[in-house]
There are 2 protein chains.
Amino acid sequence: MSYFSSDFTLGILGGGQLGKMLLYETRKWDIRTRVMDPSAEAPARLACNTFIQGDLMDYQAVMDFGRDADLLTIEIENVNARALEDLEASGVRVYPQPGVLQVIQNKARQKLFYRDAGIPTAPFSRYAYTSEISDSLRNGGIAFPFVWKSAQFGYDGQGVKIVRNAEDLRGLPNVECIAEELVPFKNELAVIVARNSLGQTRTYPVVEMEFHPEANQVEYVLCPARIPEGVAQKAREVALQVSESLGHVGLLAVELFRTQEDEILVNEIAPRPHNSGHYSIEGSFTNQFEQHLRAILGLPLGQTDSKVTAVMVNLVGAEGYRGPVHYQGLEDILAMPGVTPHIYGKKETRPFRKMGHVTIVDPSIDRARERAAEVKQRIEVVSKKQDHE
Amino acid sequence: MSYFSSDFTLGILGGGQLGKMLLYETRKWDIRTRVMDPSAEAPARLACNTFIQGDLMDYQAVMDFGRDADLLTIEIENVNARALEDLEASGVRVYPQPGVLQVIQNKARQKLFYRDAGIPTAPFSRYAYTSEISDSLRNGGIAFPFVWKSAQFGYDGQGVKIVRNAEDLRGLPNVECIAEELVPFKNELAVIVARNSLGQTRTYPVVEMEFHPEANQVEYVLCPARIPEGVAQKAREVALQVSESLGHVGLLAVELFRTQEDEILVNEIAPRPHNSGHYSIEGSFTNQFEQHLRAILGLPLGQTDSKVTAVMVNLVGAEGYRGPVHYQGLEDILAMPGVTPHIYGKKETRPFRKMGHVTIVDPSIDRARERAAEVKQRIEVVSKKQDHE
């Protein structure tokens, strides 16, 4: 089957910034697309061939949407996996496979998968309800501090909390969850693995993620990570092990901890293009969105190495502002060499909302990192209306 | 005025591949767009906010289209310049300026502009009608061989012919034209100059264009050109001289001849993104489409140097085929390192129609050029229906 300028139709569940950037690549290759998103103002509404407003968790909405596609993919994990299973059974190709999504959608299941596959990850306990943790603490089953994670719908700092005492525990919702040992890591790293439907794999270079101390959001992503080659090698091997155990088709972003002893532990995974791979648009021979397309279409995978070193800065809504967005200082950063802003097209800002990102490329990673800090200082995502919460 | 995620609207006259690729950049910065093109299936129909089907040469259509834009630009020169003048007078910003377009739309006027500005160009004579050339030949005013060019609407090999004898002359349309001395050049080169509304300029590296011997179309573009640094320096200086004499805002692609004596002569110019700059999407720190936006919006210009050397191959319809397009061998070239195809999205192929292009990047320009020849051999733009003209 030919995908290019043909009647072949790719369905994409989710129309956020990841979907929007994926559409640059479907346009580049003239691949017909259908996108579904709950928001009528989704960033991916433009540039797809057909846009459908619908609830991604609704069985019937996903069934109705998927039936008219030749191949379905996602740009967000929180979709109705049962509908995807039924669509797959009816002959629609679905990548990543519904079974892969089901493992990833539930963090307890994700951790059990690591354990069963012999993949290094932080020790954890699993609870049907948060309230059971108190018993476990009394029995000495676990001890403070630990990381509490809701099993379902953890995304971008929601559903994750470091619990240091009984007080921290009290505010948490009483849901299925895990308690994970707090890893005193040296770095947080990530590796993106591409795997196509023929089982061919390629890994991108290891990147280093620097987190915002309060928002628990990635602030900078550096490619390559400033780590010894041996550690990078181990990180790529672990990521490949996850990819092969999972047998996914498409991209798999593997977030990792580098411990004080230079061990690599898997933190979380996402079976799709990922924030930690945005640098690849400017930095890599094949950007992650093109690579995802290549993988799910069963095309040969592209080169994953870098043309130039890169640092990515997330542009998030400044604290204290809520309302129609204004990018203050954007013109200033455009005057800096090697700086490319990406504006996702969300009309309203709110504190810590991901509104865009900026890539800074430079032959020197240290200079790129310095310039990234300068970018961060000069640009602010605000609103004309001040927020007085 | 803020351009990003705002109500500011950019109008683009023309919706072909250049418009389509410009829209990747307006999407990247969430800039609102209106596009007009005569074809309902124009490649840029998707990904703009509003598409209007209309005749670009029709005064009223251009007036109606332009009134609702804050800034107008073009992706093709053949637009109604009088309408643009009137829109400019009514307060709409128009870049490139209508006066610049008027110089460029007519090849006789273009040549007179070079002469008046002291810009090196091949000697020429100007004729109100092709039939006048015969008199000039009899009087010894000119001699065979020469290059005949229609003054109006020359584009992509139409309206240009090398005239070697009286026979060649007879087939030509009897229109306003020029007869230009045939330059026995060593290379055809091009330089893209960006100039923003504040008068800041930046030049891209000199590229080398290799032409298809029959179709008079560019087959390969190499960046950088394989020429001595002194010649490259001179080419950039001449291009800057054209840019400054013209005072355009936006990109200016300057096509040049390098003579046997290493002189640089201006051949033709285009005030917009250009085929000779497509390599910049993969090769340059700032691609030409983003640069055009920066220039017309009065933003700081981006870096014009290259991340990696690049060769661009045009994908044109194969001879003997006409009808619904099929890209034979596309999967094969995707397996080659550093190869990125761009499919414009035209539904029907015909001989020599520009259907897409492929960029090949590699640290070595010679290896990139070799791989480009291989790409050219492996891919063919055909149709399921054979053409029996």
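Residues numbered from 1 in each chain as written. Chains lettered and ligands numbered in written order. Predicted model: local features only at pLDDT ≥ 70, side-chain atom pairs only at ≥ 80, totals over all residues. Heavy atoms only, no water.

The name an unreviewed UniProt entry assigns to chain A is N5-carboxyaminoimidazole ribonucleotide synthase, from the organism Robiginitalea marina. UniProt's Catalytic activity (unreviewed entry) comment on chain A is quoted here verbatim: "5-amino-1-(5-phospho-beta-D-ribosyl)imidazole + hydrogencarbonate + ATP = 5-carboxyamino-1-(5-phospho-D-ribosyl)imidazole + ADP + phosphate + 2 H(+)". Turning to chain A, the UniProt annotation filed under Sequence similarities (unreviewed entry) states: "Belongs to the PurK/PurT family." (UniProt positions renumbered as here; feature names shortened; annotations may be inferred.)

Enquirer: What's the story with the overall build of chain A in this structure? I'm lost.
Expert: On a plain count of helices and strands, chain A comes out with 12 helices and 21 strands. The C-alpha radius of gyration of chain A comes to 21 Å, within 12% of the 21 Å expected for a compact globule of 389 residues. Taken over the C-alpha atoms alone, chain A extends approximately 65 × 55 × 50 Å along its principal axes. Considering chain A as a whole, with its 389 residues, one finds that 62% of them fall into the buried category. (Helix = DSSP H or I, 4+ residues; strand = E, 2+ residues; numbered from the N terminus. Rg over C-alpha atoms; globule rule 2.2 N^0.38 Å. Buried < 20%, exposed > 50% of the residue type's maximum accessible area, 1.4 Å probe, protein only.)

Enquirer: Help me understand the domain arrangement of chain A, please; the structure alone is not making it clear to me.
Expert: One frequently used descriptor of interface size is the decrease in accessible area upon assembly of the parts. All names here are of chain A. Each assigned domain of chain A is listed here: domain 1 (9–94), domain 2 (123–181) and domain 3 (187–383). Computed from C-alpha coordinates alone, the two centres of domain 1 and domain 3 are separated by 23 Å. On the domain 3 side, the residues contacting the 20 residues of domain 1 number 23 residues. For the pair domain 1 and domain 3, the summed buried surface comes to about 1,800 Å²; carbon and sulfur atoms form 68% of the total. A per-residue breakdown of the area domain 1 buries against domain 3 is headed by Gln17, Met21 and Trp29, which together make up 29% of the total. Where domain 1 meets domain 3, there are two salt bridges. Between the two partners, domain 1 and domain 3, sit seven residue pairs in polar contact (both at pLDDT 80 or more). At the level of secondary structure, the elements contributing two or more residues to the side of domain 1 that touches domain 3 comprise helix 1 (17–28) and strand 4 (71–74). Broken down by element, the residue count for the side of domain 1 that touches domain 3 peaks at eight residues, all from helix 1. (Domains from an automatic or database assignment. Contact = heavy atoms within 4.5 Å. Buried area = accessible area lost by both parts, 1.4 Å probe. Salt bridge = Lys/Arg side-chain N within 4 Å of Asp/Glu carboxyl O. Polar contact = N/O pair within 3.5 Å; in protein donor to acceptor, adjacent residues only side chain to side chain.)

Enquirer: How should I be thinking about the side chain of A:Ser5 in this particular structure?
Expert: Note on placement: A:Ser5 falls in the segment before strand 1 (9–13). Looking at A:Ser5, the relative accessible area reads 12%, which means it is buried. Here the side chain of A:Ser5 touches A:Asp30 through a polar contact of 2.5 Å, side chain to side chain. Setting aside its immediate chain neighbours within four residues, A:Ser5 contacts A:Trp29, A:Asp30, B:Val325, B:Tyr327, B:Ile343, B:Gly345 and B:Lys346.

Enquirer: Sorry if this is basic, but what is going on with the side chain of B:Lys20 here?
Expert: Along the chain, B:Lys20 turns up in helix 1 (residues 17–28). For B:Lys20, which is buried and forms no salt bridge, the nearest opposite charge comes from A:Asp30, at a distance of 5.1 Å. Among the polar contacts made by the side chain of B:Lys20, one reaches the main-chain carbonyl oxygen of B:Ile343 at a distance of 2.8 Å. Dropping the residues within four chain positions of it, B:Lys20 is found in contact with A:Arg27, A:Lys28, B:Pro43, B:Ala44, B:Ile343, B:Tyr344 and B:Gly345. (Lys, Arg positive; Asp, Glu negative; His and termini not counted.)

Enquirer: Is there a simple way to think about helix 8 (residues 229–246) of chain B in this case?
Expert: Spacing of three or four residues puts side chains on the same side of an α-helix, whose turn is 3.6 residues. Residues and elements named next belong to chain B. Here helix 8 spans 26 Å end to end across 18 residues, near enough to the 26 Å set by a 1.5 Å rise per residue. Val231, Ala232, Ala235, Val238, Ala239, Val242, Ser243 and Leu246 are the residues of helix 8 that are buried. Down the axis of helix 8, the buried set is contained in an arc of 140 degrees. They therefore lie on one face. Opposite the buried face of helix 8, by more than 90 degrees, sit the exposed residues Glu229, Gly230 and Glu244. On its buried side, helix 8 packs onto helix 4 (98–105), helix 5 (107–117), strand 10 (187–195), strand 11 (201–203), strand 14 (250–258) and strand 15 (264–270). Downstream of helix 8 by a residue or two, Gly247 has a phi angle that is positive, lying close to 65 degrees. (Expected span 1.5 Å × (residues − 1). Arc of directions from axis to C-beta.)

Enquirer: What should I look at first to understand unusual backbone geometry in this one?
Expert: The phi torsion of most residues other than glycine is negative, and most of the peptide bonds are trans. All names here are of chain A. Cis geometry is found at the peptide bond from Tyr95 to Pro96, where omega equals 0 degrees. Summarising the element assignment, Pro96 is placed in the loop between strand 5 (93–94) and helix 4 (98–105). Cis peptide bonds are those with omega within 30 degrees of zero, and the linkage from Phe144 to Pro145 qualifies with -10 degrees. Looking at the secondary structure, you find Pro145 in the loop between helix 6 (132–139) and strand 7 (146–150).

Enquirer: Looking at this structure, how should I read the UniProt feature "binding site: ATP" (unreviewed entry) in chain A?
Expert: Residues and elements named next belong to chain A. In this structure's numbering, the residues bearing the UniProt feature "binding site: ATP" (unreviewed entry) are Lys107, Lys149, Glu180, Glu181, Leu182, Val183, Glu188, Asn267 and Glu268. Within the secondary structure, Glu181 is located in strand 9 (residues 177–181). In this structure Val183 comes out as buried when scored by relative accessible area, which is 14%. Those residues in contact with Val183 that sit more than four places away from it in its chain are Ala122, Phe257, Thr259 and Leu265.

Enquirer: Please explain the pattern of salt bridges as it appears in this structure.
Expert: All names here are of chain B. If you walk through the whole model with that rule in mind, you get 48 salt bridges over all chains. The salt bridge partner of Glu180 is Lys111, with a shortest N-O separation of 2.5 Å. Here Glu180 is found in strand 9 (residues 177–181), whereas its partner Lys111 is found in helix 5, with 69 residues between them in sequence. Overall, the relative accessible area of 4% leaves Glu180 in the buried class.

Enquirer: Help me understand the nonpolar core in this model?
Expert: Within soluble globular proteins, side chains that are nonpolar generally end up buried alongside one another. If you look at the biggest cluster of nonpolar residues, it comprises 98 residues, and the most contacted ones within it are A:Leu297, B:Phe4, B:Ile31 and B:Leu297. With residues near it in sequence (within four places) discarded, B:Ile31 still touches B:Tyr3, B:Phe4, B:Phe8, B:Leu10, B:Thr26, B:Asn49, B:Leu293 and B:Leu297. (Core = buried A, V, L, I, M, F, W, Y, C linked by side-chain atoms within 4.5 Å.)

Enquirer: Honestly, the environment of A:Gln288 in this entry has me stumped. Any pointers?
Expert: Residue placement: A:Gln288 occurs in helix 10 (residues 288–296). The contact partners of A:Gln288, leaving out residues within four places of it in the chain, are A:Ile192, A:Tyr204, A:Leu251, A:Pro273, A:His274, A:Gly277, A:His278 and A:Ser280.

Enquirer: For this particular structure, what's the right way to read the interface of chain A and chain B?
Expert: Contact residues are listed per partner, giving 44 residues for chain A and 44 residues for chain B. Counting each side, the surface lost to burial between chain A and chain B is near 3,700 Å², with a carbon and sulfur contribution of 59%. Among the residues of chain A in contact with chain B, A:Arg27, A:Leu46 and A:Leu334 are the three that bury the most area, contributing 17% of the side total. Residue B:Asp30 pairs with A:Lys347 through a salt bridge whose shortest N-O separation is 3.2 Å. Taken together, chain A and chain B are joined by 20 residue pairs in polar contact (both at pLDDT 80 or more). Among the elements of the structure, helix 1, helix 10, strand 17 (323–328), helix 11 (330–334) and strand 18 (339–343) of chain A are those that each provide at least two residues to the side of chain A that touches chain B. When residues of the side of chain A that touches chain B are assigned to their parent elements, the largest contribution, five residues, is made by strand 18 of chain A. Split by residue class, the side of chain A that touches chain B holds 24 nonpolar, nine polar and 11 charged. (Nonpolar A, V, L, I, M, F, W, Y, C, P; charged D, E, K, R; others polar.)

Enquirer: For this particular structure, what's the right way to read the sheet that holds strand 17 (residues 323–328) of chain B?
Expert: As a general point, the strands of a sheet are linked pairwise by backbone hydrogen bonds and lie either parallel or antiparallel. Residue and element names in this part refer to chain B. Spatial strand order, 19-17-21: three strands in an open sheet with antiparallel pairing. Each edge of the open sheet is held by one strand with a lone partner, namely strand 19 (348–349) and strand 21 (380–383). Bridge analysis of strand 17 against strand 19 gives two bridges, and the strand direction is antiparallel. Note on strand 19: the bridge partner recorded for Gly323 is Thr349. (Pairing = 2+ DSSP bridges.)

Enquirer: Whenever I open this one, the packing of helix 1 of chain A against helix 10 of chain A confuses me. Can you help?
Expert: Two numbers describe a pair of packed helices, the interaxial angle and the distance between the axes. All names here are of chain A. Close contact between helix 1 and helix 10 brings their axes to 9 Å; oriented N to C, the two are set at 70 degrees. With respect to helix 10, the element helix 1 is oriented roughly perpendicular. For the pair helix 1 and helix 10, the sense of crossing is right-handed. On the side of helix 1, the interface is formed by Leu18, Met21, Leu22, Glu25, Thr26 and Lys28, while helix 10 contributes Phe289, Glu290, His292 and Leu293. Split into classes, the residues belonging to the contact of helix 1 with helix 10 amount to five nonpolar, two polar and three charged. (Axes fitted to C-alpha atoms, helices over the stretch in contact; angles between N-to-C directions. Parallel < 35°, antiparallel > 145°, perpendicular 65-115°, else oblique. Left-handed = near helix turned anticlockwise from the far one by under 90°.)

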